[in-house]
Number of protein chains: 2
Amino acid sequence: MIDFPYLSNICRTTSSKIIMVVVDGLGGMRHPKYGMSELEAAKIPALDTLASGSSCGVTIPVLPGITPGSGPGHMALFGYNPVKYLLGRGVLEGMGIGANIGPSDVAARGNFCRIDSEGKILDRRAGRLDSSECKRLVELLNRIELDKVQFEVYPVMDYRFVLVLRGEGISPSITETDPQVEGELPNKSEPLPGLPNMTANAINEFTQKATGVLKGAGSEANGVLLRGFSGLPSIPQFGASYGLTPAAIAAYPMYRGLAQLVGMDVISCESTFESELRVLKANYIGKFDYFFIHYKLADSAGEDGDFEMKIKKLEEFDAHLECITALDPEVLVVCGDHATPSYTSSHSWHPVPFLIKSQYSEGAAGASFSENSCRLGSVGSINAEQLMLSVLAHAGKLNKFGP
Amino acid sequence: MIDFPYLSNICRTTSSKIIMVVVDGLGGMRHPKYGMSELEAAKIPALDTLASGSSCGVTIPVLPGITPGSGPGHMALFGYNPVKYLLGRGVLEGMGIGANIGPSDVAARGNFCRIDSEGKILDRRAGRLDSSECKRLVELLNRIELDKVQFEVYPVMDYRFVLVLRGEGISPSITETDPQVEGELPNKSEPLPGLPNMTANAINEFTQKATGVLKGAGSEANGVLLRGFSGLPSIPQFGASYGLTPAAIAAYPMYRGLAQLVGMDVISCESTFESELRVLKANYIGKFDYFFIHYKLADSAGEDGDFEMKIKKLEEFDAHLECITALDPEVLVVCGDHATPSYTSSHSWHPVPFLIKSQYSEGAAGASFSENSCRLGSVGSINAEQLMLSVLAHAGKLNKFGP
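Everything numeric in this text was worked out from a predicted model, so none of it was measured.

Asker: Where do I start with the overall build of chain A in this structure?
Answerer: The secondary structure content of chain A amounts to 14 helices and 13 strands. The C-alpha radius of gyration computed for chain A amounts to 22 Å, which stays within 12% of the reference 22 Å derived for 403 residues, consistent with globular compactness. For chain A, the residues scored as buried account for 57% of the 403 residues in total. For chain A, the proportion of contacts with a sequence separation of at least 24, taken over those separated by at least 6, is 74%.

Quick look at the structure:
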């Protein structure tokens, strides 16, 4: 939670409702070939109109120049210091699929892979195994028995799975078996210096038994790789910290997992943004006064390096906006967890535009929803971790600080 | 080093090269008499063109309103917290002239001064003694013997010298003898409360014996003043921290000293910027992937309160730029350690413009290289300590942070 010790003293619960839409990979940079960013090139009349009547700015997700993963990107938007509350990959993936991870459990991200007769990795993704095959193989893995440790394996998507270890003395402080390159042997897991080797031993035993089980399975996959060993961090709850009753609506597993981790009620929905919007509408009247809703497709197009597709996905988002504005929330926030410029085909370090629309907004005629326009907006450039404070302020949910 | 504990996890060594030109005292403020800053008044077509195709911004050296010395100014540009890694003047001057300062030694900045018959200071700089005379007097000082402490005196320039104390139990925690005003007696050095008085005693003994030695030397100088007692701080190495192989090219001693202190290879050059440029060119192909190169003259003109001269020195720098751009580095940075407005005739607190040119730069048509134009650039206003992160990002030398 943001480093402001008097937060709980000044938060005020009111009837006003906040909808915070996180457009994944929202921001971009000027693509040298087109002389514009995707937001500048997109026809997004609803966002532009909204921006001209909103308090606009840009968020720096972690630090200038630092490119965040989705975990730190979202944690910062929720008001958590993304360095202090860095989540492990195992936990993040596990939470996303609703895996049952207890406070002393350890989760790991697993890949089904293909290895050669010497045990060297031929394909870290086993030909990008499909999800149904993944499910079948996970059932086989769940039949394994380990000497001292309980575990559960969950299918994720394609070639990915999550392993959750349970038992007394389990520790995430062990090395990964996935070397993240091909042509090499998987690593043996080892405890970090000076720590007991029980967990590492269990991982090595699991890996070996998995290879045995997969041998007779008639699959492209014949091995497993594990990384991102991590436990649940102790995290202040979002709702209690801000005096909010928060709900999360996200089609993609990882974002549901993040929301659950910070203590939001995750409302289930199908795997499209349209479904998210229907769920938002259905739950708008009721106990929740904060809704986190996640739009994934801008990021995917950016990751693919597809300038035109990212524009298209932003335009589609724009067309959906009226479903949200029709609810007439006291505060509407459109923001992003990080930039994903199609020029870099990856997440990037660039500041991410946002808008906050409420009765307290200060817009500017002619403003548009783009990196350059928002940078010059009334809020200016802030750390993403501070955004929630501005959001609460715009909702009338913060009292004066100090006498 | 910047407070980001995962830096070493995300730094990536690549073949791309970075040239970072520090224009000392680069920034300014609008001079009331001329209605413009020096950068605005100067004809600097090369910088303006570069700026229009670069990611621009301004750096805040320490905090808004805080005027830094050259030490904090440079430490921040190199990514070090300028408060945490504050260097003593003795160390700074000593490093600059290649003085041999060991990890437990104490260095002090010395002035040759003129005192009257009562011992009061008539002139803190002894008529701005010339450098050859300084050298001669330093030889005399080096013949002094102290009871318990070894020492070495080094000439610096004009009336300035450096004293390095060596021996068991030496401590920099003593008071200065230089009162930094004229008409008063020099102070006796004393240990800070509760600390042993050995070092202060040695300093007082040295001061007394120096007065004796100088009496017969037939010089304008007949006394010494000491300040800035300091030892070498423990500093994370620049190269290892960023995964870089750094070189420093600086005509002026203090900047070579700073670079050496953070672990850069200091390449020797003569005392002009032209010589620095020749050395840069001669060393560009080879092991180094980061070059710090220092341009001093803008600061000197600002310190002299000479608006026209500062413009001239900026224009001369501009004319030299093509020697650097001709090397076609993957990243070119032009930045400054602090502002030196001719209106204040001194360092100042004003934010300092910078530009970062690389394939990832985002410029703006019509941008120029000035305080006001850069402030509106795509990077905006950042702490100087964060600049290196943006530089590394523009060099493609940072991986994603977190899953």
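Asker: I would appreciate a short explanation of the sheet that holds strand 11 (residues 331–335) of chain B in the present structure.
Answerer: Within a beta sheet, neighbouring strands are joined by backbone hydrogen bonds and run either parallel or antiparallel to one another. All names here are of chain B. Pairing within the open sheet is mixed, and its eight strands lie in the order 9-8-10-1-11-12-2-13. In the strand order of this sheet, the two ends are held by strand 9 (265–266) and strand 13 (380–383), each with one partner. Across five bridges, the pairing between strand 1 (residues 18–23) and strand 11 is parallel. Residue pairing for strand 11: M20 is matched across the bridge by V333.

Asker: Even after reading the chapter, I still don't get the relation of the copies chain A and chain B, so can you show me in this structure?
Answerer: Relating one copy of the chain to the other takes a rotation about an axis and a shift parallel to that axis. With an axial shift of 0.1 Å and an RMSD of 0.3 Å, the rotation relating chain A to chain B amounts to 126 degrees. Such values leave the two copies arranged in the relation of a three-fold axis. Take the interface residues of chain A: only 4% of them recur as interface residues in chain B, which is what a contact between different surfaces looks like.

Asker: What should I look at first to understand the pattern of salt bridges in this one?
Answerer: Any two side chains of opposite charge can pair, on the condition that their charged atoms come close. All names here are of chain A. Using the criterion set out here, one finds 28 salt bridges over all chains in the structure. R124 serves as the salt-bridge partner of D178, at 2.8 Å between the closest nitrogen and oxygen. Taken together, the residues span a long stretch of sequence, with D178 in the loop between strand 6 (160–166) and helix 7 (198–215) and R124 in the loop between strand 4 (121–123) and helix 6 (131–141) at a distance of 54 residues. An identical accessibility class is assigned to D178 and R124; each is buried. The residue E133 makes a salt bridge to R136 at a minimum N-O spacing of 3.1 Å. A residue pair is termed a helical-turn pair when its members lie 3 or 4 positions apart in one helix, as E133 and R136 do in helix 6 at three residues. Where salt bridges share partners, they join R89, E93 and R109 into one cluster.

Asker: Quick question: what am I supposed to make of the pairing of strand 8 (residues 246–249) of chain A here?
Answerer: Residues and elements named next belong to chain A. Every second residue of strand 8 is oriented toward a common face, with P246 and A248 on one face and A247 and I249 on the other, all of them buried. Bridge analysis of strand 8 against strand 10 (residues 290–295) gives four bridges, and the strand direction is parallel. For I249, the partnering residue across the bridge sits in strand 10 and is I293. With two bridges connecting them, strand 8 and strand 9 (residues 265–266) associate as parallel partners. Each bridged residue has a counterpart across the sheet, and for A247 the counterpart in strand 9 is D265. Read as a crossover between parallel neighbours, the route from strand 8 over helix 9 (residues 253–261) to strand 9 is right-handed.

Asker: I would appreciate a short explanation of the side chain of S219(B) in the present structure.
Answerer: The topology assignment puts S219(B) in the loop between helix 7 (198–215) and strand 7 (223–230). Among residues more than four places away in sequence, those in contact with S219(B) are R114(B), L129(B), E133(B), R136(B) and L137(B).

Asker: I'm lost on a negative patch on the surface in this one. Help?
Answerer: Taken together, the side chains of E303(A), D304(A), D306(A) and E308(A) make up a negatively charged region of the molecular surface. Turning to its location among the elements, D304(A) is positioned in the loop between helix 11 (297–303) and helix 12 (307–325).

Asker: I would appreciate a short explanation of the interface of chain A and chain B in the present structure.
Answerer: Interfaces are often described in size by the accessible area the parts lose on coming together. At the interface, 27 residues of chain A touch 26 residues of chain B. Where chain A abuts chain B, roughly 2,100 Å² becomes buried across the two surfaces, and 66% of that area is made up of carbon and sulfur atoms. In terms of surface lost to chain B, no three residues of chain A exceed P64(A), I66(A) and W349(A), which account for 23% of the buried area on that side. Between chain A and chain B we count zero salt bridges in total. The interface formed by chain A and chain B includes nine residue pairs in polar contact (both at pLDDT 80 or more).

Asker: When you look at empty space enclosed by the protein in this model, what are you seeing that I'm missing?
Answerer: The gaps left among the atoms become clear once a water-sized probe is rolled over them. In the structure shown here, the tally under the stated rule is one cavity of 30 Å³ or more. Considered as a void within the structure, the largest cavity measures approximately 130 Å³ in volume. In terms of lining residues, the largest cavity is bounded by 14 residues, among which W349(A), H350(A), P351(A), S378(B) and V379(B) are the most central. Looking at the lining of the largest cavity residue by residue, the classes come out as six nonpolar, seven polar and one charged.

Asker: Please explain the nonpolar core as it appears in this structure.
Answerer: Across soluble globular proteins, you tend to see nonpolar side chains buried next to one another. Residues and elements named next belong to chain B. Counting 64 residues, the largest nonpolar core has F4, F238, Y290 and L387 as its most contacted members. Among the elements that make up this core, the one with the highest residue count is helix 14 (residues 387–394) (six residues). Beyond its immediate chain neighbours, meaning those up to four positions away, L387 contacts M20, T59, L77, V333, C335, F354, I356 and I382.

Asker: Explanation requested: the packing of helix 5 (residues 89–96) of chain B against helix 9 (residues 253–261) of chain B in the structure shown.
Answerer: Packed helices, taken two at a time, are described by the angle between their axes plus the distance between the axes. Residues and elements named next belong to chain B. Look at helix 5 against helix 9: their axes get within 6 Å of each other, and the N-to-C directions meet at 100 degrees. Here helix 5 lies roughly perpendicular to helix 9, going by the angle between them. Across the interface between the two elements, V91, L92, M95 and G96 of helix 5 pack against P253, M254, R256, G257, L258, Q260 and L261 of helix 9. Split into classes, the residues belonging to the contact of helix 5 with helix 9 amount to seven nonpolar, three polar and one charged.

Asker: I tried to follow unusual backbone geometry on my own but got confused; where do I start?
Answerer: Peptide bonds are mostly trans, and most non-glycine residues show a negative phi. For D328(A), which is not glycine, the phi dihedral falls at a positive 55 degrees. Its location among the elements puts D328(A) in the loop between helix 12 and strand 11 (331–335). In this structure D328(A) comes out as exposed when scored by relative accessible area, which is 60%. Its identity is not glycine, yet Q180(B) carries a phi of approximately 60 degrees, on the positive side. Along the polypeptide, Q180(B) turns up in the loop between strand 6 (160–166) and helix 7.

Asker: Whenever I open this one, the pairing of strand 12 (residues 352–357) of chain B confuses me. Can you help?
Answerer: One face of the sheet, then the other: side chains in a regular strand alternate in exactly this way. Residue and element names in this part refer to chain B. With five of six residues buried, strand 12 lies mostly within the body of the structure. Relative to strand 12, strand 2 (residues 55–60) runs antiparallel, the two sharing five bridges. The residue of strand 12 that forms the bridge with S55 is I356. In this sheet, strand 12 lies alongside strand 11 in antiparallel orientation, the contact comprising three bridges. Note on strand 12: the bridge partner recorded for V334 is L355.

Asker: Any chance you could explain the domain arrangement of chain A here in plain terms?
Answerer: As far as domains go, chain A holds domain 1 (8–87 + 236–394) and domain 2 (99–230). Each of domain 1 of chain A and domain 2 of chain A has a C-alpha centre, and the two are 34 Å apart.

Asker: Help me understand the packing of helix 3 (residues 45–52) of chain B against helix 12 (residues 307–325) of chain B in this model?
Answerer: Residues and elements named next belong to chain B. It is at 7 Å that the axes of helix 3 and helix 12 come closest, and there the two elements cross at 65 degrees. Across the interface between the two elements, P45, A46, L47 and L50 of helix 3 pack against F317, D318 and L321 of helix 12. Per-class residue counts for the contact of helix 3 with helix 12 are six nonpolar, no polar and one charged.

Calculation criteria
- Numbering of residues starts from 1 in each chain and follows the order in which that chain's sequence is written.
- Chains and ligands are labelled by the order in which they are written, letters from A for the one and numbers from 1 for the other.
- Reporting of local features is limited, given that this is a predicted model, to residues whose pLDDT is at least 70; pairs of side-chain atoms are given and counted only at 80 or more, and all residues count toward the totals for whole chains, interfaces and linings.
- Note that the side-chain values use all heavy atoms of the structure and ignore hydrogens as well as water.
- Where helices and strands are cited, they refer to DSSP runs of H or I of at least four residues and of E of at least two residues respectively, numbered from the N terminus.
- We compute the radius of gyration over the C-alpha atoms and compare it with the globule rule, which gives 2.2 Å times the number of residues raised to the power 0.38.
- Burial classes: relative accessible area under 20% of the type maximum marks a residue as buried, over 50% as exposed, and values in between as partly exposed (1.4 Å probe, protein chains only).
- By definition, residues are in contact when any of their heavy atoms lie within 4.5 Å.
- Here, any two strands with at least 2 DSSP bridges between them count as paired.
- The copies were overlaid with a least-squares fit restricted to C-alpha atoms from residues scoring a pLDDT of at least 70 in each copy.
- Put simply, a salt bridge is a Lys or Arg side-chain nitrogen that is within 4 Å of an Asp or Glu carboxyl oxygen.
- When the strands point away from the viewer, a crossover counts as right-handed if the path from the first strand over the helix to the second runs clockwise.
- Two joining distances apply to patches: 9 Å for like charges and 5 Å for nonpolar side chains (Val, Leu, Ile, Met, Phe, Trp, Tyr), and every residue must have over 30% relative accessible area and no salt bridge.
- Computed with the Shrake-Rupley method and a 1.4 Å probe, the accessible areas treat only the protein chains shown as cover for residues.
- Positive charges come from Lys and Arg alone, negative charges from Asp and Glu alone, with His and the N- and C-terminal ends not counted.
- A charged residue contributes its charge at one atom only: NZ of Lys, CZ of Arg, CG of Asp or CD of Glu.
- Accessible surface is computed with a 1.4 Å probe, and the buried area is the amount of it that two parts give up when combined, taken over both parts together.
- Side-chain atoms alone can form a polar contact between residues adjacent in sequence; in general such a contact is a pair of N or O atoms within 3.5 Å, and within protein one must be able to donate a hydrogen while the other accepts it.
- Residues are said to line a cavity or pocket when one of their atoms sits within 4 Å of a point; the points come from a 1 Å grid over protein atoms alone, cavities being sets where a 1.4 Å probe fits but cannot get out and pockets being open sets with protein on both sides within 12 Å along at least five of seven lines.
- Grid points are joined across faces, edges and corners, and a volume is the space filled by probe spheres set on the points.
- As a working rule, the residues Ala, Val, Leu, Ile, Met, Phe, Trp, Tyr, Cys and Pro are called nonpolar, Asp, Glu, Lys and Arg charged, and the rest polar, with Gly in that last group.
- Put simply, buried Ala, Val, Leu, Ile, Met, Phe, Trp, Tyr and Cys residues joined by side-chain atoms within 4.5 Å make one nonpolar core.
- Helix axes use the C-alpha atoms of the stretch in contact, all axes being lines fitted to C-alpha atoms, and the angles between their N-to-C directions lie in the range 0 to 180 degrees.
- Just so you know how the angles are binned, under 35 degrees is roughly parallel, over 145 roughly antiparallel, 65 to 115 roughly perpendicular, and the rest oblique.
- Note that the domain bounds reflect an automated or database-derived domain assignment.

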